[in-house]
Amino acid sequence: MSDTTPVEHLKEVRANIARAAADYGRDPSSVTLVAVSKTFPAEDIAPVLAAGQRIFGENYVQEAKAKWPALREAYPDAELHLIGPLQSNKAKEAVQLFDVIHTVDRPSLAEALAKEIAKQGRTPRLLVQVNTGEEPQKGGVAPAEVDAFIEACRTKYGLTIEGLMCIPPAEDPPSPHFALLNAIAKRNDLKVLSMGMSADYDAAIQMGATHVRVGSAIFGMRPKPAASSGEAG
Ligand SMILES: *Cc1c(COP(=O)(O)O)cnc(C)c1O
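Residues numbered from 1 in each chain as written. Predicted model: local features only at pLDDT ≥ 70, side-chain atom pairs only at ≥ 80, totals over all residues. Heavy atoms only, no water.

1. Here's the deal with the pattern of salt bridges
Step number 1: According to the stated counting rule, one finds 13 salt bridges in the structure shown.
Step number 2: A salt bridge links Glu79 to Arg125, with the shortest nitrogen-to-oxygen separation between them at 3.6 Å. Of this pair, Glu79 sits in strand 3 (residues 79-82) while Arg125 sits in strand 5 (residues 125-129), and the two are 46 residues apart along the sequence.
Step number 3: Arg106 is the salt-bridge partner of Asp105, the closest N and O atoms lying 2.8 Å from each other.
Step number 4: For Asp105, a relative accessible area of 17% gives the class buried.
Step number 5: The partly exposed category is assigned to Arg106, whose relative accessible area is 28%. (Salt bridge = Lys/Arg side-chain N within 4 Å of Asp/Glu carboxyl O. Helix = DSSP H or I, 4+ residues; strand = E, 2+ residues; numbered from the N terminus. Buried < 20%, exposed > 50% of the residue type's maximum accessible area, 1.4 Å probe, protein only.)

2. Looking at the site of the ligand
Step number 1: Around the ligand lies a shell of 15 residues, among which Lys38, Ser198, Gly215, Ser216 and Arg222 are the nearest.
Step number 2: Backbone polar atom of Ser216 to an oxygen atom of the ligand: 2.7 Å apart, as the coordinates give it.
Step number 3: For the ligand, whose accessible area on its own is 390 Å², the fraction buried by protein is 96%.
Step number 4: Of the residues that constitute the shell around the ligand, the class distribution is seven nonpolar, five polar and three charged. (Near = heavy atom within 4 Å. Polar contact = N/O pair within 3.5 Å; in protein donor to acceptor, adjacent residues only side chain to side chain. Areas by Shrake-Rupley, 256 points an atom, 1.4 Å probe, with all protein chains shown as cover. Nonpolar A, V, L, I, M, F, W, Y, C, P; charged D, E, K, R; others polar.)

3. Comments concerning helix 5 (residues 107-120)
Step number 1: Counted at 1.5 Å a residue, the expected span for helix 5 with its 14 residues is 20 Å, and the 20 Å between its end C-alpha atoms agrees.
Step number 2: Listed in full, the buried residues belonging to helix 5 are Leu109, Ala110, Ala112, Leu113, Ala114, Glu116 and Ile117.
Step number 3: Buried residues belonging to helix 5 abut helix 4 (91-97), strand 4 (100-104), strand 5 and helix 6 (146-155).
Step number 4: Two residues or fewer after helix 5 comes Gly121, characterised by a positive phi angle close to 65°. (Expected span 1.5 Å × (residues − 1). Contact = heavy atoms within 4.5 Å.)

4. Description of the state of the cysteines
Step number 1: Tallied over the entire structure, the rule returns zero disulfides.
Step number 2: Left without a disulfide partner, Cys153 is nearest to the cysteine sulfur of Cys166, which lies 17 Å away. (Disulfide = S-S within 2.5 Å.)

5. Some thoughts on the confidence of the model for the protein
The predicted coordinates of low-pLDDT regions are not to be read in fine detail.
Step number 1: Summary statistics for the protein give a mean pLDDT of 95 and a share of 94% for residues scoring 70 or more.
Step number 2: Below pLDDT 50 for its whole length, residues 229-233 participates in 16 contacts with residues either more than four positions away or in separate chains. (pLDDT = per-residue confidence, 0-100.)

6. A word on unusual backbone geometry
The general pattern is negative phi for most residues beyond glycine and trans for most peptide bonds.
Step number 1: With a phi angle near 75°, Thr39 is a residue other than glycine that sits in the positive phi range.
Step number 2: Here Thr39 lies in the loop between strand 1 (32-36) and helix 2 (42-50).

7. Examining helix 1 (residues 6-23)
Step number 1: The end-to-end C-alpha distance of helix 1 is 25 Å, a good match for the 26 Å that 18 residues give at a rise of 1.5 Å each.
Step number 2: The complete set of buried residues in helix 1 reads Val7, His9, Leu10, Val13, Ile17, Ala20 and Ala21. Relative to the axis of helix 1, the buried residues are bounded by an arc of 150° and lie together on one face. Of the exposed residues in helix 1, those oriented more than 90 degrees away from the buried face are Lys11, Ala22 and Asp23.
Step number 3: Those residues of helix 1 that are buried lie in contact with strand 1, helix 2, helix 8 (201-206), strand 8 (211-214) and helix 9 (216-219).
Step number 4: A positive backbone phi angle near 70° is found at Gly25, which sits one or two residues after helix 1. (Arc of directions from axis to C-beta.)

8. Some words on the environment of Leu127
Step number 1: With respect to the element layout, Leu127 can be found in strand 5.
Step number 2: Taking the C-alpha atoms as reference, Leu127 lies 20 Å from Ala203; in sequence the two are 76 residues apart.
Step number 3: Sequence-distant contacts of Leu127, that is, excluding residues within four places in its chain, are made with Val100, Ile101, His102, Thr103, Val104, Glu162, Gly163, Leu164, Val192 and Ser194.

9. Some thoughts on the packing of aromatic side chains
Step number 1: What the rule picks out here adds up to two aromatic pairs.
Step number 2: Consider the rings of Phe40 and Phe219, whose centres lie 5.3 Å apart with planes at 25°: the pair is stacked. Highlighted residues: Phe40 in the loop between strand 1 and helix 2 and Phe219 in helix 9, separated in sequence by 179 residues.
Step number 3: On the accessibility criterion, Phe219 (8% relative accessible area) is buried.
Step number 4: Measuring from ring centre to ring centre gives 5.1 Å for Phe56 and Trp68, while their planes differ by 50°; the resulting arrangement is tilted. Note that Phe56 is positioned in strand 2 (residues 55-58) and Trp68 in helix 3 (residues 61-74), a separation of 12 residues in sequence. One exposure class covers both Phe56 and Trp68, and it is buried. (Phe/Tyr/Trp six-rings, centres within 6.5 Å; stacked < 30°, edge-to-face > 60°.)

This is the structure:
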């Protein structure tokens, strides 16, 4: 892998997604690739944009703010997704910067986002993160509380929730977590399912993922393991 480039990896991942969709009887266009560029500099991202990829995921507000304004000037149709935990005091910057936020997971954040959306007149699409493995160190709403939280987002905070996101525990087989997320989405009438990363996007597509978040399979290894539970920067 080290002698091939992110653009070559991108092509492989796209082919794998198309094949998985076909294998599972799904329309390949029903699965969106979110290329996760966290920790990689703009020089690494630009060729992937040039190769046609437009949807990217970042974990940290500050990092995205440093890297993306210039890239977006060159590619105004790029779409930026926040996939890392968000502190309420960064809601303002997140609403300014991101087109989709995958990590809505508590009332204080829902309230902060609602306030900023009203103030800025800019409306990122919102997903609720579910902590399907109930891991204490991970963000996300507990499965038992998620229906009530989605309802509160809709009625109390006036937010439109488009779907759900999860990060299964690293040591578990992922499919039961993906199935759980799918079931929660169905009973709440939600269409978007953000699930599957480099190691398990095939299984996620099988279980109905509409968005797969793929980082290392495109950009290569990061200096440290996936910061799935790290602080928003
Ligand atoms: C880092 C990260 C990814 C990408 O992980 P890879 O294993 O490198 O594909 C996806 N989702 C979230 C939430 C992440 O933090």
